[in-house]
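Chains, contacts and geometry: an overview
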Amino acid sequence: YNAVMRHSERKPSIIFVPSRRQAQLTAIDLMTYYQSIEGETFLGKGAIPEEVAKIAGNLREPALQQVTTSGIGFLHDGMVESDWEQIMDLYQKGSITVLVCPVDICWKVKIVAHLVVVMGTETFDGRERRYVDYPIADLLHIMGMASRQGIDSCGKCVIMCHTPKKEHLKKLLYDPLPIESHIDHYLHDHFNSEIVTKTISCMQDAVDYITWTLLYRRLSKNPNYYNLQGTSNVHLSEHISEMVETVLGDLEASKCCQLNDDGDVSPLNLGMIAAYYYVQYETIELIAASLTAKTKVRGILEILSHASEFGNLPIRQGEEKALKILARNLPQKLPESAQFQDPRTKALVLLHCHFGRKALSTDLRTDQKRVLCDSINLIPAIVDVISSNGWLKPALAAMELSQMVVQGLWNKDNVLLQIPHFTKDIVERCEAYQGEEPIESVFDILTLEDDVRTDLLRLPDEKMADVAVFCNNYPNIEMAFDVLDSDDITASDPVQISVKLEREVDDEDEEEEDIDEAQFGKVAAPLFPKEKLEGWWIVVGNTKTNSLLSLKRVTLRRTQKIMLEFMAPEEPGDYNLTLFCMSDSYLGCDQEYSVPISVAVGESDDDDGDDDDSSGGDESD
């Protein structure tokens, strides 16, 4: 308060605090203290109190409404977008002169002020269970926000810190800060992607790759930072060679690449999957090591939550207790090894809460959005790892998990709960409905008479409109398939299945000339944090032996033709295979078809020449 009053001179001020909760409390304390002493507000000179009060009335957060009328705003990462935009607009117009922000959004806010105040230079790290200093780069960036170009002749920054740290901070802030390379911490994933693209094909290529980086330039300039023994060419080359050997050794141990005795390196299947989906090599190694032929949805969910991508989820002060309370009310128990200060346990709890549609605090909701966005990228990688092992049931379970993540439901929940505003009461009324046909799917809602639908749903018109949008977007896919040369399938020979997918479109839409095909395939998912396009997995497998024979992933606009190819079983006989069409976004619209094939005895190498000739003649027919 004193810093703002002494240095700001009624000009804009930004205050940075350690956490979201602190931002809210600081804004309220500033307002009450100023009003109790001066009886005034922090509204700008040209601000009209009535207009600010009107805008404040439209804000969603009650605390924000309260402080905005006094010329103070606060921001945080979990804010509703409309609130964020309105507060930023008021600040930039000069209607409010004080803005309080948590330090973790310092790179997100693109604003400047006459005065910047940093309240403390430490924040609590739940993973290490201690207070850690702000990165010096963050502090320098915050200092750079002081002074408005073309308006102020100077800017002011007040940093409030623990006294013993004052001299240390002054040295860091006043002296030039060297920019060091951190690529050595992330080299495994860089190397893996370069090996897959054939940029690195031997040890020497890897060494050359490092010589093109900032790391190579900085090694000799700041050897202690990189644990170098000396700065001579010998020391430098030894250090780089050792680094390359270690990284390639780790990638080989995780089965992402293969090294031969000559130092040549080639990509393996796991490495290609990791590079394609931008998945960390440690995650792909964990997935491959943890999956079995009997893994179910629950097991895949636990494997997903242990991905390295979730290792840097923040654990805030007091969050362990909140996570324990949430975990007690989950339908499925967490593993006994779960530690609540572990970010991976937090990811698992947040996924469970998403499927159970449980209410969360603002901070946890922000973390949950990040977990969901990462999960939808990791699940296709899990499916690919399973398919390379040839397991059918775990692959189908992973595909169901993708649907659960997008729609925010358990796979055992009624599919009608995907529809916006549908509650358990509405679903119970639909289940109890005694009509000509039971209501079991989204399509059944569309076929109901208007008066019957209105009586069952009992929703206002605006919510009914949301229901209509979802039901019209819900995919109705026609699938046709044909086994090529089905009368001429021999043991261990390739079998081809031609599949055609076609999206059923309403007659009304068909009549419209300018249909925007880009709109096809957009997923209606109110609980998923970002826009998504439908994806479909087309799978051929044998349910009796739990074997996955062929898999392709497609994105479908109107129509799509694909060819599935696999090797016929080694034993001749009749087989009843299954063709699956699995959505990655919607529950209840998967399809499966029986594909009977008859496998004949193959021609053996020991047969005489006449048999070989006759077999060649058959093939040409």
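The coordinates are above.
Describing the pairing of strand β6 (residues 130-133)
Sheet analysis places strand β5 (residues 122-125) next to β6, joined by four bridges and oriented antiparallel. Residue F124 lies in a different strand from β6, and its bridge partner there is Y131. The loop that links β5 with its antiparallel partner β6 comprises four residues; one of these, R129, has a positive phi angle of about 55 degrees.

Remarks on the sheet that holds strand β13 (residues 547-554)
Taking strand neighbours across the sheet as the criterion, the four strands line up as β13-β12-β15-β16 in an open arrangement whose pairing is antiparallel. Of all strands in the sheet, those bounded by a partner on one side alone are β13 and β16 (591-599). Across this sheet, the average inter-strand angle for adjacent strands is 20 degrees, counted without regard to direction. As paired strands, strand β12 (residues 536-542) and strand β15 (residues 573-583) are joined by six bridges and run antiparallel to one another. Bridge pairing links G541 to T578 in β15. Running over the sheet, helix α17 (residues 362-389) touches β12 and β13 and is turned about 145 degrees from β13.

Quick word on helix α13 (residues 281-290)
Among all positions of α13, only Y281, T283, I284 and I287 are buried. In a view along the axis of α13, the buried residues occupy a sector of 160 degrees, so they form one face of it. At its buried positions, α13 is contacted by α8 (187-196), α11 (233-253), α12 (269-277), α14 (297-305) and α17.

A short note on the sheet that holds strand β3 (residues 98-102)
For sheets, the rule is that strands pair by backbone hydrogen bonds, running either parallel or antiparallel. Strand order in the open sheet formed by five strands is β2-β3-β1-β4-β7, and the pairing between neighbours is parallel. Every other strand in the sheet has two partners, leaving β2 (72-74) and β7 (156-160) as the edge strands with one partner each. Strand-to-strand, the axes of this sheet are offset by a mean angle of 15 degrees, without reference to chain direction.

Quick look at unusual backbone geometry
In the Ramachandran plot, N227 falls in the positive-phi region, its phi being about 60 degrees despite a non-glycine side chain. For N546, which is not glycine, the phi dihedral falls at a positive 55 degrees. As for its placement among the helices and strands, N546 is situated in the loop between β12 and β13. Note on N546: relative accessible area 14%, which makes it buried.

Analysis parameters
- Residues numbered from 1 in each chain as written.
- Predicted model: local features only at pLDDT ≥ 70, side-chain atom pairs only at ≥ 80, totals over all residues.
- Heavy atoms only, no water.
- Pairing = 2+ DSSP bridges.
- Helix = DSSP H or I, 4+ residues; strand = E, 2+ residues; numbered from the N terminus.
- Axes fitted to C-alpha atoms, helices over the stretch in contact; angles between N-to-C directions.
- Contact = heavy atoms within 4.5 Å.
- Buried < 20%, exposed > 50% of the residue type's maximum accessible area, 1.4 Å probe, protein only.
- Arc of directions from axis to C-beta.

In short, shape yes, function no, at least from these values alone.
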